[in-house]
Amino acid sequence: MGFFKSCCDLIGELSPSAQNGKSFWGTFVAPTLPFWILSNGGRGDGFRYCPWGNKMAKTNNPYTDAPQTGITRRYEFNISRGVIAPDGYEKRVILVNGQFPGPLLEANWGDYGYVKVTNSITDDPPEGTAIHWHGFLQTGSPWMDGVPGVSQCPIAPGKSFTYRFRAELYGSSWYHSHYSAQYAGGLQGPIVVYGPRNAEYDIDLGPIMVGDWWHKDYYAVVKEVMAPGYSGQSSSDNNLINGKMNFDCSTVDAGDETPCTDNAGLSKFRFIPGRTHRLRFINSGAEGTQRISIDEHNMTVIANDFVSIEPYDTEVITLGVGQRVDVIVHAHAESGSAFWLRANLSSCTSVKQPLALAAIYYQGANVSSMPTSTPWNVPDPGTCANDDLELTKPFYPMNLPEPSWTQHMDIGTTTNASGNSLWEFGGVTARVDYNDPSLLRSLESGLQFESDYNVINYGSNTSVRIIVNNPGPSPHPMHAHGLNMYVLAAGSGNYSASTTVLNTRNPMRRDVQMVTANGFIVVQMDATKNPGAWPFHCHVTWHSSAGFFSQLLFQPDELRARQFEIPHDVRQTCRDWAEFTNRVVPDQIDSGL
């Protein structure tokens, strides 16, 4: 492991602020999390009032039974540029309140969140921004989904916008920019919504964000991806755990004079012997699928995305971009022990340094010592597939009706007249207009859209089944906004109605599902519960930039008949953006997403 320049200790050469700005993730300063938070923001435990009362994960519908807490959690995010070195290689990034990863947004199930976002990316060059609250349903508030060109106009430099939404589901998630590939430059952070438990544990260690890392500025990668003659493959430089990892500076490209520090520093966590710990893994990367394990410890999986599942044990979890997996781990070793937490980018991912490490120290251990633990011998199958659907069964069971509409949406590639290599989804390469969001247009001007918006109008259909065929060599994490997909099947080759068995009895539900190379998935979506224009796209940042994106328009007549009261500040944000773009022309060379 060439990224270690010391044989026997894990003392980082960089200060926490040099690596991650004001962020404390991956340090012993990071707090453990409570079972819930009190109305005043204090920590809740088993001896105080539980905000969801007697509602339980097994017996209460997570989509309809959220409690009316009457609580609003308020946050302020300032988005700005900064220079940090998460793995020792110094680069310019975009930070949330000066932090990478950004601060935790937390709430109880049923709470409301108000997040004021100020865009301080005002020079070198000025950029718009918008933040997506990944996995939040946004029922009745589709314009708060945070997707520029779809649900809103971007927040102009120097301006602010307040997102207002309800925590309708509970579990682990994250927020990130949806403006071009901006989140790959650092604009991301964790979310925890406390709710009923489906398994017992003692200590919540909180979010662990794992993600591939590019040394180039995100926009430089976008320019490569969108350049004529692009090869179709972009390679990351490293892999991070909670924003930290070492990098072997001797492998920096020839002629690159960027400051680079060996032994920058790794993330560290603490286990208490004999106790059971909850870990909330989030793949916040741009492209790579993660394989995560803890040496000599089994993990019990208890949730996928925002869905509690029947617990099952595993040695390795597979996590596509945007996916989350919550696990509980029993600390069975003796005091003073130390073990490696490993996040390895799968072999279906192109990366210079795929292995990320963090140290787990049992109470009483020397927290500067290097673990000598043994990894599990679980070979990488190289498919980037999620765990078998037979294993992942939602804790709260739900059966499906027959679909009122079934549609095939194939994944493909094309080369345009300028020589740009682009993605197609359902036969369309998508692109949005930041000045004319499709949701606002559907409410104000009608339901006619240019073809490259890739809006699919499902009319009054109640339940939509979508078959995604992927005949190409790249896997794709498919993300749906505004709902959880029911995953009925996943397999290799093209979908065949005669040979594919669909599970309609309590199928897995989640908001991101991997479709493997030369494979398919079959998903079903409730189309009646949340009228709106909901993105359905690949969560590989560079694929989305190159057009792999669609918008599912559900219940448009109801959307228009309800006369949704679009908040004044949504319209003001568009006026601010129009005024900005009259002075500065944004360099939108990609889809915008």
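If you're wondering where the values come from, they're calculated on a predicted model, not measured in any experiment. (Residues numbered from 1 in each chain as written. Predicted model: local features only at pLDDT ≥ 70, side-chain atom pairs only at ≥ 80, totals over all residues. Heavy atoms only, no water.)

Student: Give a detailed account of the overall build of the chain, specifying residues and quantitative values.
Tutor: Regarding its fold elements, the chain presents 6 helices and 33 strands. Against the 2.2 N^0.38 benchmark of 25 Å for 593 residues, the chain shows a C-alpha radius of gyration of 23 Å, consistent with a compact globule. Its C-alpha atoms give the chain principal-axis dimensions of roughly 65 × 60 × 55 Å. Counting the 593 residues in the chain, one finds 63% classified as buried. Considering only contacts within the chain whose residues lie at least 6 apart along the sequence, 80% involve residues at least 24 apart. If you sum the accessible surface of the chain, you get close to 21,300 Å²; carbon and sulfur atoms cover 48% of it. (Helix = DSSP H or I, 4+ residues; strand = E, 2+ residues; numbered from the N terminus. Rg over C-alpha atoms; globule rule 2.2 N^0.38 Å. Buried < 20%, exposed > 50% of the residue type's maximum accessible area, 1.4 Å probe, protein only. Contact = heavy atoms within 4.5 Å. Areas by Shrake-Rupley, 256 points an atom, 1.4 Å probe, with all protein chains shown as cover.)

Student: Tell me what's going on with the side chain of His 176, and back it up with residues and numbers.
Tutor: Among the structural elements, His 176 can be located in strand S9 (residues 171-177). Its relative accessible area of 0% is what places His 176 among the buried residues. Only 3.4 Å separates the side chain of His 176 from the side chain of His 539, close enough to count as a polar contact. Among all residues touching His 176, those that are not within four sequence positions of it are Ala 130, Ile 131, His 132, His 134, Tyr 183, Leu 187, Gln 188 and His 539. (Polar contact = N/O pair within 3.5 Å; in protein donor to acceptor, adjacent residues only side chain to side chain.)

Student: Which residues make up the state of the cysteines, and what are the values?
Tutor: Throughout the structure, instances matching the rule amount to 3 disulfides. Covalently, Cys 249 is tied to Cys 260 through a disulfide, its sulfur atoms 2.1 Å apart. With the S-S bond torsion at -80°, the cross-link from Cys 249 to Cys 260 turns out left-handed. You can see Cys 249 sitting in the loop between strand S12 (238-241) and strand S13 (267-271) and its partner Cys 260 sitting in the loop between S12 and S13, a full 11 residues away along the chain. Look at Cys 249 and you get buried, because its relative accessible area is 16%. (Disulfide = S-S within 2.5 Å.)

Student: How would you sum up the sheet that holds strand S16 (residues 299-304)? Please name residues and give values.
Tutor: Read across the sheet, 6 strands follow the order S12-S11-S14-S19-S16-S17 without closing on themselves; strand pairing throughout is mixed. Strands with a single pairing partner mark the edges of an open sheet, and in this sheet they are S12 and strand S17 (307-314). For this sheet the average axis-to-axis angle between neighbouring strands, irrespective of direction, equals 25°. Judged from the 5 bridges that link them, S16 and S17 form a sheet pairing that is antiparallel. Paired with Asn 304 across the strands is Val 307, a residue of S17. (Pairing = 2+ DSSP bridges. Axes fitted to C-alpha atoms, helices over the stretch in contact; angles between N-to-C directions.)

Student: Give me the lowdown on the pattern of salt bridges, citing residues and values where you can.
Tutor: Opposite charge on two side chains lets them pair, provided their charged atoms get close. Per the counting criterion, the structure on display carries 22 salt bridges. The salt bridge involving Lys 352 is made with Asp 253; its shortest N-O contact spans 3.4 Å. Taken together, the residues span a long stretch of sequence, with Lys 352 in the loop between strand S20 (338-345) and strand S21 (355-362) and Asp 253 in the loop between S12 and S13 at a distance of 99 residues. Asp 305 is the salt-bridge partner of Arg 510, the closest N and O atoms lying 3.0 Å from each other. Within this pair, whereas Arg 510 is found in strand S29 (residues 508-510), its partner Asp 305 is found in the loop between S16 and S17, the two being separated by 205 residues in sequence. A single burial state applies to Arg 510 and to Asp 305, both of which are buried. A network of salt bridges, in which partner residues are shared, links Asp 204, Arg 278, Arg 280 and Asp 326. (Salt bridge = Lys/Arg side-chain N within 4 Å of Asp/Glu carboxyl O.)

Student: Before we move on, can you summarise unusual backbone geometry with the specific residues and values?
Tutor: Of note, the bond from Phe 100 into Pro 101 is cis; its omega dihedral lies within 30 degrees of zero at -10°. When you line up the elements, Pro 101 lands in the loop between strand S4 (91-96) and strand S5 (105-108). The step from Asp 124 to Pro 125 runs through a cis peptide bond, and the omega angle for that step is -20°. Positive phi values are uncommon outside glycine, yet Ser 180 reaches one of about 50°. For Ser 180, the location among the structural elements is in the loop between S9 and strand S10 (188-194). One non-glycine residue, Asp 305, lies in the positive phi region at around 55°. For Asp 305, a relative accessible area of 0% gives the class buried.

Student: So what about the environment of Glu 200? Which residues, and what values?
Tutor: Along the polypeptide, Glu 200 turns up in the loop between S10 and strand S11 (203-213). The exposure class assigned to Glu 200 is exposed, which follows from its relative accessible area of 59%. Note: C-alpha distance between Glu 200 and Thr 276 (76 residues apart in sequence) is 8.1 Å. Contacts of Glu 200, omitting those with residues within four sequence positions, involve Thr 276 and Ile 328. Polar contacts involving the side chain of Glu 200 include one to the side chain of Arg 197, which spans 3.5 Å.

Student: Now, about the packing of aromatic side chains: what can you tell me, with residues and values included?
Tutor: Inspection of every chain in the model, using the stated rule, returns 29 aromatic pairs. Ring geometry for Trp 133 and Tyr 163: centres 5.3 Å apart, planes at 70°, overall edge-to-face. With a gap of 30 residues between them, Trp 133 in strand S7 (residues 131-133) and Tyr 163 in strand S8 (residues 160-166) connect regions that are remote in the sequence. Taken together, the ring pairs in this structure connect Phe 77, Trp 133, Phe 136, Phe 161, Tyr 163, Phe 165, Tyr 175 and Phe 306 into an aromatic cluster. Taking the ring centre of Trp 213 as reference, the NZ or CZ of Lys 91 above it sits at 4.5 Å. (Phe/Tyr/Trp six-rings, centres within 6.5 Å; stacked < 30°, edge-to-face > 60°. Lys NZ or Arg CZ within 6 Å of the ring centre and 35° of its normal.)

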